[in-house]
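# Understanding the architecture of this molecule
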Amino acid sequence: REAIARFEGDAQFLISTEAGGEGINLQRNCHVMVNYDLPWNPMRLVQRVGRLYRYGQQKRVVVFNINSPDTADDQIIGLMYSRIDRVVDDLQVFQMELLFDKLAFYQ
């Protein structure tokens with residue numbers, strides 16, 4: 001909490017462990033994230049980014065994911081991105097279903 005208070009004050013950087021991806025809202029003073037240690041679970045990455053990309057964010061969120069090319073790390077990030085793409089696609093289908101249900105309700 002002390003580190004977050006300093007970051008929201010005059011600090012320029014916040015370095016965090018995995019715990020930083022949970023329950024901390026950083027959208028007021030932060031819009032750039034650098035992930036050095038990528039999680040194996042894509043939802044953990046989404047949760048990290050969610051600390052910045054939330055209601056009240058005034059700037060475009062930019063995320064850098066550092067990985068080593070031509071290694072297992074590179075393969076894992078490729079799988080993670082494909083999983084995230086599937087989640088986004090599934091959510092878009094769900095949103096369309098909700099929209100059609102709303103339209104049918106109003107007709």
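Description of the structure in this document. Just so we're clear, the structure is a prediction, and the values are computed from it rather than from any experiment. (Residues numbered from 1 in each chain as written. Predicted model: local features only at pLDDT ≥ 70, side-chain atom pairs only at ≥ 80, totals over all residues. Heavy atoms only, no water.)

This part is about the overall build of the protein. Assigned secondary structure in the protein consists of 3 helices and 2 strands. Seen in sequence order, the protein has helices and strands lined up from the N terminus as α-β-α-β-α. Contacts spanning at least 24 positions in sequence make up 58% of the contacts within the protein whose residues lie at least 6 apart. Carbon together with sulfur atoms contributes 56% to the accessible area of the protein, which is approximately 8,700 Å² in total. (Helix = DSSP H or I, 4+ residues; strand = E, 2+ residues; numbered from the N terminus. Contact = heavy atoms within 4.5 Å. Areas by Shrake-Rupley, 256 points an atom, 1.4 Å probe, with all protein chains shown as cover.)

This part takes up a nonpolar patch on the surface. On the surface, V32, V34, Y36, V62, F64 and I66 cluster together to form a nonpolar patch covering roughly 580 Å² of accessible area. The set of elements that each furnish at least two residues to the nonpolar patch consists of β1 (32–35) and β2 (62–65). Along the chain, V34 turns up in strand β1. (Patch = residues over 30% accessible without salt bridge, like charges linked within 9 Å, V, L, I, M, F, W, Y side chains within 5 Å. Salt bridge = Lys/Arg side-chain N within 4 Å of Asp/Glu carboxyl O.)

Of note, R44 is situated in helix α2 (residues 42–49). Counting along the chain gives 26 residues from R44 to E18, while the straight-line C-alpha distance between them is 8.8 Å. Setting aside its immediate chain neighbours within four residues, R44 contacts E18, E22 and P39.

This next bit is on α2. Turning to α2, its buried residues number three or more, namely P42, L45 and R48. Along α2, the residues classed as buried sweep out an arc of 115° about the axis, all on the same side. (Buried < 20%, exposed > 50% of the residue type's maximum accessible area, 1.4 Å probe, protein only. Arc of directions from axis to C-beta.)

Turning our attention to the environment of L26. Examined against the element boundaries, L26 turns out to sit in the loop between α1 (2–9) and β1. By relative accessible area, L26 is classed as buried at 9%. Remark: the alpha-carbon pair of L26 and Y53, spanning 27 residues in sequence, is separated by 8.6 Å. Aside from chain neighbours lying at most four places away, what touches L26 is I4, F7, L14, R51 and L52.

Across a regular strand the side chains alternate sides, sitting on one face of the sheet and then on the other. The alternating pattern of β1 places M33 and N35 on a buried face and V32 and V34 on a face that is not buried. Taken together, β1, α2 and β2 constitute a β-α-β crossover, and its handedness is right-handed. (Right-handed = clockwise from strand over helix to strand, strands pointing away.)

What follows deals with the pattern of salt bridges. According to the stated counting rule, one finds 3 salt bridges in the structure shown. Linking D37 and R48 is a salt bridge whose minimum nitrogen-to-oxygen distance equals 3.7 Å. Within this pair, whereas D37 is found in the loop between β1 and α2, its partner R48 is found in helix α2, the two being separated by 11 residues in sequence.

Bear in mind that shape data such as this cannot, by itself, settle questions of function.
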